[in-house]
Structures are given as C-alpha cells and as structure tokens.
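For reference, the chains in residue letters:
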Amino acid sequence: MTKIEINGARLAYDESGTGTGTAVVLLHAGIADRRMWRGQIPALAQRHRVIALDLRGYGESELPPTPFTHHDDVIGLLDALSIEQAALVGCSFGGRVAVDAALAHPERISALALFGAPVSGNEWSEETEQLWEELVGDVDPEDFAATAAGEVRFWVVGPTRRPEDVDPELIRFAEEMDRRALAAEQALSAIDVGELDPPAIDRLGELRVPVLVGTGADDLADIRRLADRIADEAPRGVRLPDVPDAAHLLPLERPTEVNPALLSFLP
C-alpha cells in the first residue's frame, strides 16, 4: 500500500504490473474498498499498469474536512502518477465515479468498464425501495454491523438468492468491508462532496470511449436495466451477458468470468 497526496488528501492505493497495455485504475463499490479487486489485479497486472484506489474517506484513504469531488480525485491521481490516459474499471459507486470522470475529463480516459454501475442523476424505482423494505426493513444506521448485514443481504446476496446460496466467506468479507465503508459514509456526510453538473444520466451519449457494461443475473432489476441503457446510449457501448449466480459485487464474486472479458476489452 502506498499513500499519495491528491487535491489536499492522502489517498491509499496499490500498484502492480508494468505491462505495455493501458494504465488501468480500479474503483471500488460504495460498500467496499480497494480490496474487492483481489481477483482482478494478478490477471490484469500481466499486461497493464494497475492501480487499485481507495476513494477519499474509504479504506485507508484520508478525509480532510474540505470540499472535493471523487471524479476530480481520480484525475488528480493520474496527474500525480504521470499517467496521461487511463482506462477506468468501476463497480457500483466506483462505476458512477468512473462515468463522471470520463464526462468531466474526456481527454484523460481511454476506456470504461462498468459492473453493476449506477450513474449520477439516476433515481431508484419504487420497486427497489419496496424490495429494501421486504429484504432489510428498518435498521439503526448507528449500528454498523446490523446495517452492513442488511446491505450485504440486499446487494451481495441479491433479491433472487438466499444467503445460504452464497459462499459464506464472500458474505463475511463483504460485511467486513461494508462496516468500514459505512463509517466512511458517515464521515463523508459532513463534508461538501461535489457532484457532476449536469449529471451523467442524460449525457451517456457524450461518452466517446469504448464502454463495457456487465451485471450479475441476481443483481437488482434497476441495475440491469440501467446497464442496458448505458450500453445502448454510449456510442461505443458493449453489454456483456448477465453472469449467472452473481449479484452486485460481480468482479469479487465471479473473477473467472470477469477477468477474460476485461483482458479482451482493455487496450
């Protein structure tokens, strides 16, 4: 692990590989941290310079009480590492940050690979809100252990599987990451975190780079529909088939399916 100062904050990252392929930055889900990419880094590092970043406030990255935007931090990382262009691989919230970075700084991004990604400006359907009530219900937000268990039930197990259908080690690891992420989100709620303006949801046609979009077959219907929309509206979008028996943290849960798709896609 290395820390580097980006826009006034010390951010943590891991770097691997010195390959001749494109530099690749891995951006984690909002319920996770950079450790979720443990299944991708060895495979990608054979051909690429790979940087797995903890977004500001998450994992081992710091959170000074000053305004910032996550997508500008990504570009700040490229500047600090003297990387002119990079491909961004994002899962869930990390995918949202990746899309925002590509829209705000199009000359710096060479490709996007998005897994279970929302985009800024998107609103959840009533179906998803009701599903949360059915699967999780009311949880004390101050109880990080209970909240993490509920979020992992909702996102990592997913609406169409039972917890006993999922690897218990995956559930344990996801809950451990999410407890830390919940502390990060609580701290972030007191900071002025900037948003892309206008947001990405109506600007997908501006994405001029190749865009690979994938989801797990057991992820939320909202996420799978949004993946269809991203692939349809991005001029160079490609939609992967949904991966069976996988939900929201697709790269962590199914690296044997995700890695070959990434290796064939990334320049």
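So, how was this worked out
- Residues numbered from 1 in each chain as written.
- Predicted model: local features only at pLDDT ≥ 70, side-chain atom pairs only at ≥ 80, totals over all residues.
- Heavy atoms only, no water.
- Helix = DSSP H or I, 4+ residues; strand = E, 2+ residues; numbered from the N terminus.
- Rg over C-alpha atoms; globule rule 2.2 N^0.38 Å.
- Contact = heavy atoms within 4.5 Å.
- Areas by Shrake-Rupley, 256 points an atom, 1.4 Å probe, with all protein chains shown as cover.
- Phe/Tyr/Trp six-rings, centres within 6.5 Å; stacked < 30°, edge-to-face > 60°.
- Buried < 20%, exposed > 50% of the residue type's maximum accessible area, 1.4 Å probe, protein only.
- Lys NZ or Arg CZ within 6 Å of the ring centre and 35° of its normal.
- Pairing = 2+ DSSP bridges.
- Axes fitted to C-alpha atoms, helices over the stretch in contact; angles between N-to-C directions.
- UniProt positions renumbered as here; feature names shortened; annotations may be inferred.

An unreviewed UniProt entry lists the protein chain under the name Pimeloyl-ACP methyl ester carboxylesterase, with Micromonospora echinospora given as the organism.

All right, on to the overall build of the protein chain then. A tally of helices and strands in the protein chain yields nine helices and eight strands. Taking 18 Å as the expected radius of gyration for a compact globule of 267 residues, we find that the protein chain reaches 17 Å, a close match to that expectation. Taking the principal axes of its C-alpha atoms as reference, the protein chain extends roughly 45 × 40 × 35 Å. Sequence-distant contacts in the protein chain: of pairs separated by 6 or more residues, those separated by 24 or more amount to 76%. Of the accessible surface of the protein chain, which amounts to about 11000 Å², a share of 48% is contributed by carbon and sulfur atoms.

A separate point is the packing of aromatic side chains. Within the structure shown, the criterion is met by two aromatic pairs. An angle of 90° between the planes, with centres 5.1 Å apart, marks the rings of F154 and W155 as edge-to-face. Residue F154 shares its accessibility class with W155, and that shared class is buried. By way of ring pairs, the aromatic residues W124, F154 and W155 are connected into one cluster. For R38, the ring lying beneath its charged end belongs to F173, and the centroid distance is 4.1 Å.

The next subject is the sheet that holds strand 7 (residues 211–214). Here we have eight strands laid out as an open sheet, ordered 1-2-4-3-5-6-7-8, and mixed in their pairing. Edge positions in the sheet fall to strand 1 (2–6) and strand 8 (237–239), since each of these pairs with one other strand and no more. Strand-to-strand, the axes of this sheet are offset by a mean angle of 25°, without reference to chain direction. As judged from the five bridges shared by strand 3 (residues 23–27) and strand 5 (residues 86–91), these two strands associate in the parallel manner. Paired with A23 across the strands is A86, a residue of strand 5. Relative to the sheet, helix 2 (residues 70–80) contacts strand 1, strand 2 (9–16), strand 3, strand 4 (50–53), strand 5 and strand 6 (109–115), its axis offset from that of strand 1 by approximately 110°. Across the sheet, helix 9 (residues 255–265) lies against strand 5, strand 6 and strand 7, angled at about 160° from strand 6, the strand it touches most.

This part is about the UniProt feature "domain: AB hydrolase-1" (unreviewed entry) in the protein chain. Within this structure's numbering, the places UniProt gives as "domain: AB hydrolase-1" (unreviewed entry) are residues 23–253. Its end C-alpha atoms 24 Å apart, residues 23–253 is made of 39% helix and 13% strand.

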